[in-house]
Amino acid sequence: MVNMILYFDIQHAVEVHDWIIENSGGLSGIKDLGPLESTLEHIQNNLYYPTFEEKLNHLVFAINKFHAFNDGNKRSSLTLGAYFLELNGYDYCVQKFVLEMENIVVWLAENKISKDLLLQLVTSLILDDEYPEALKLELIDAVGDGIL
């Protein structure tokens, strides 16, 4: 049996972003909806992103890096990623995802973490109790002193 993946639309993404700005501050407004529309469409294409982890990874990466919003792109990438997990029944790891990804989205925005490393981290957050030692070392190597 194939699990059906649930998605959210651009209106929901904008509403979440507006809520984030209203409740945590920042410059409101949309810079360009194109990258957000493209991201939400692409993650539904199983040829581009065949696994749930790859879809989640691209969602977080693209919202973080492509700056559809004037402000709050990192916060929106984290929140919408957590919502995507919850929407698809991964409730057991949402809290851990939010806690672990708080620094990771910052390092991603600073180009310290690649999309490939992000995929490994996202996959580990979903599948493992904690990061494997090799992944911890790769993360330390990527972010250097920023991890302490």
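What you see is a predicted model; the values in this text were computed from it and never measured.

## Things to note about helix α6 (residues 115-127)
Residue pairs three or four apart in sequence face the same way in an α-helix, which turns once every 3.6 residues. For α6, which comprises 13 residues, the first-to-last C-alpha distance of 18 Å matches the rise-based estimate of 18 Å (1.5 Å per residue) to within 8%. Residues Leu117, Leu118, Leu121, Val122, Ser124, Leu125 and Ile126 constitute the buried set of α6. In this structure, the buried side of α6 is in contact with α3 (52-65), α4 (73-87), α5 (94-109) and α7 (133-143).

## Remarks on the packing of aromatic side chains
Counted under the stated rule, the structure contains eight aromatic pairs. Seen in terms of ring centroids, Phe52 and Phe84 are 4.9 Å apart; in terms of plane orientation they differ by 20 degrees. Their pairing is stacked. On the criterion of sequence distance, the pair formed by Phe52 in helix α3 and Phe84 in helix α4 is long-range, its members being 32 residues apart. Here Phe52 falls in the buried class, since its relative accessible area comes to 7%. Taking relative accessible area as the criterion, Phe84 reaches 0% and is therefore assigned buried.

Criteria and cut-off values
- Residues numbered from 1 in each chain as written.
- Predicted model: local features only at pLDDT ≥ 70, side-chain atom pairs only at ≥ 80, totals over all residues.
- Heavy atoms only, no water.
- Helix = DSSP H or I, 4+ residues; strand = E, 2+ residues; numbered from the N terminus.
- Expected span 1.5 Å × (residues − 1).
- Buried < 20%, exposed > 50% of the residue type's maximum accessible area, 1.4 Å probe, protein only.
- Contact = heavy atoms within 4.5 Å.
- Phe/Tyr/Trp six-rings, centres within 6.5 Å; stacked < 30°, edge-to-face > 60°.

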